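Report on the structure
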Amino acid sequence: MRLIPLSLATIILMCGCATMPDAGPAIEGAGETVVAANTLFTSDFLSEIATTEPSNIFVSPLSLSTAMGMLQAGAAGETKAEINRVFRYPETGVYAELGALRQDASRVKQPGAYDESDPQITSIANSVWVEKSVQLKSNYMQILRDDFDAAPTALDFSNQPDSARETINDWVEDKTNDRIQNLLTKGNVGRDTRLVLVNTVYMMSHWQDVFSEASTKPVPFYIDGTGAEPRQLMHQKGTYHRLKIRGGEAIKIAYANETSMIVLRPSGKRWLSSVNALMRQQTISDVMKNIDKAPLVLTDLALPKFKLEARYVLNETLQNMGLTTIFSDAADLSGMSDEAGLQVGPIVQQVFLDVDEKGTEAAAATAITVITVSARRNPPKPKPFIVDRPFVILIR
């Protein structure tokens, strides 16, 4: 059976270098359609977010896509169709395939007992938090339980939004080995919150061939082909799969199991602009399809050692991609509940990545909030009547 990677869990654009560590093990046959869809969505998403983020970009399309899958399960009509178009979801089988990815990842290592001596830890977790006064539809709850392993938990958003937010943040910290903290801020959750859909992705993988710490040293890192800044680069000699691609080259660096990090390096002089071109849909698809068949080349590898953390509110990016209905009064989330006026509030993602001589630790969490419009809508603005000119008084 064909082996496929656990999608693109983390995508990083770093001032001239783009790296894509897989989120987990190769999986036999699980979620193939969703993986293909997520590859297409990844390219769309990264192209859009790159236009608004001037610095390093570090995002998790897999975490976002999985969280959105839970929202899509409760959407209907044009709202559902719009989500499908933007996220490239197939017409059927979305929930089952996302569930298969989660289950196969969890079989590699059960989350909860993180031990740095383990060569591979991978977990994908979902949770749903609902305002205690809201009644979710039975069909929706069954999808959440069966396919996402996310039986809804009731919280008192209406009266104790801060306590509810802290409960969700604590769950996220537990599922990400404390790497993602304070995912939701006070501005993300309020008395109008009716539902919060959360996904977490966590991985810790050791390199197949560990880098020597003694070989790590500062080396000029060229940001735009001319200017350089010193960066700590790890050094390793070995044979690696290397693939020539349009506008650059890709290399596969193996972890101590079936997973790997794939690094795309641009060619030419204008590296900062060239790196964005490497994220074309066809380029990503070609790399994922052909890297394992690429020739093994004796290589003197120099890879940056770095740690990154980032946080995004993704509403504007998704709106620019064409996902607008869910944020408006026209949102149709009737598959979730009969409660009127439901629409999506802030969509938040927070990510963590640490690459060193031993291996890679990565974590991501995405929260999609659902609010009630009737509670959020501002009262009518009063029309001014300012007596600042000659006037007439009538007394009756």
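The text that follows walks through the structure, step by step, so that each part is easy to find. (Residues numbered from 1 in each chain as written. Predicted model: local features only at pLDDT ≥ 70, side-chain atom pairs only at ≥ 80, totals over all residues. Heavy atoms only, no water.)

Brief notes about the overall build of the protein chain
A tally of helices and strands in the protein chain yields ten helices and 16 strands. Sorting the 396 residues of the protein chain into buried and exposed places 53% on the buried side. Pairs at least 24 residues apart make up 74% of the contacts formed inside the protein chain by residues separated by at least 6 positions. Put simply, the protein chain shows about 18,200 Å² of open surface, and 49% of that area lies on carbon and sulfur atoms. (Helix = DSSP H or I, 4+ residues; strand = E, 2+ residues; numbered from the N terminus. Buried < 20%, exposed > 50% of the residue type's maximum accessible area, 1.4 Å probe, protein only. Contact = heavy atoms within 4.5 Å. Areas by Shrake-Rupley, 256 points an atom, 1.4 Å probe, with all protein chains shown as cover.)

Digging into the packing of aromatic side chains
Using the criterion set out here, one finds seven aromatic pairs in the structure. With a centroid separation of 5.6 Å and 20° between ring planes, the pair formed by Phe-87 and Tyr-89 is classed as stacked. Of the two residues, Phe-87 and Tyr-89, neither departs from the other in class, the shared state being buried. With a centroid separation of 5.7 Å and an interplanar angle of 75°, the aromatic rings of Trp-207 and Phe-211 are classed as edge-to-face. The same class applies to Trp-207 and to Phe-211, which are both buried. (Phe/Tyr/Trp six-rings, centres within 6.5 Å; stacked < 30°, edge-to-face > 60°.)

Examining helix H2 (residues 61–72)
In this model, H2 (twelve residues) spans 16 Å end to end at C-alpha, consistent with the 16 Å of a helix rising 1.5 Å per residue. Buried within H2 we find Pro-61, Leu-62, Ser-63, Leu-64, Ser-65, Thr-66, Ala-67, Met-68, Gly-69, Met-70, Leu-71 and Gln-72. (Expected span 1.5 Å × (residues − 1).)

Side note on the sheet that holds strand E16 (residues 359–372)
Paired through their backbone hydrogen bonds, the strands of a sheet run either parallel or antiparallel. Pairing is mixed in the open sheet, where six strands are placed in the order E7-E6-E8-E16-E15-E14. Both outer strands of the open sheet, strand E7 (153–155) and strand E14 (306–313), are each paired with one neighbouring strand and no more. Within this sheet the neighbouring strands show an average axis-to-axis angle of 15°, counted without direction. With eleven bridges connecting them, strand E6 (residues 120–131) and strand E8 (residues 193–206) associate as antiparallel partners. Along E8, the bridge assignment pairs Val-130 with Leu-195. (Pairing = 2+ DSSP bridges. Axes fitted to C-alpha atoms, helices over the stretch in contact; angles between N-to-C directions.)

A look at the packing of H2 against helix H5 (residues 138–148)
H5 packs onto H2 with a crossing angle of 150° between their chain directions and a minimal axis gap of 10 Å. In terms of their interaxial angle, H2 and H5 are classed as roughly antiparallel. Seen from H2, the contacting residues are Thr-66, Gly-69, Met-70 and Leu-71; seen from H5, they are Tyr-140, Leu-144 and Phe-148. When grouped by side-chain class, the residues that make up the contact of H2 with H5 number five nonpolar, two polar and no charged. (Parallel < 35°, antiparallel > 145°, perpendicular 65-115°, else oblique. Nonpolar A, V, L, I, M, F, W, Y, C, P; charged D, E, K, R; others polar.)

Some details on the pattern of salt bridges
For the coordinates displayed, the defined rule picks out 13 salt bridges. In this structure, the salt-bridge partner of Asp-44 is Arg-88, at a minimum N-O distance of 3.0 Å. Note that Asp-44 is positioned in helix H1 (residues 32–49) and Arg-88 in the loop between helix H3 (77–87) and helix H4 (94–108), a separation of 44 residues in sequence. Its relative accessible area of 23% is what places Asp-44 among the partly exposed residues. Residue Arg-231 is joined to Glu-229 by a salt bridge in which the shortest nitrogen-to-oxygen separation is 3.0 Å. Accessibility expressed as a relative area gives 32% for Arg-231, which makes it partly exposed. Members of the salt-bridge network, linked through shared partners, are Arg-242, Lys-244, Glu-249 and Arg-265. (Salt bridge = Lys/Arg side-chain N within 4 Å of Asp/Glu carboxyl O.)

Focus on the environment of Leu-342
Mapped onto the fold, Leu-342 is located in strand E15 (residues 342–355). Judged by its relative accessible area of 7%, Leu-342 falls in the buried class. Sequence spacing of Leu-342 and Val-370 is 28 residues, and the spatial spacing of their C-alpha atoms is 6.6 Å.

Some details on the nonpolar core
Core analysis: the biggest nonpolar cluster contains 69 residues, and Met-68, Leu-71 and Phe-87 have the highest contact counts within it. Membership of the second largest hydrophobic core comes to 22 residues, among which are Ala-125, Ile-180, Tyr-202 and Ala-363. (Core = buried A, V, L, I, M, F, W, Y, C linked by side-chain atoms within 4.5 Å.)

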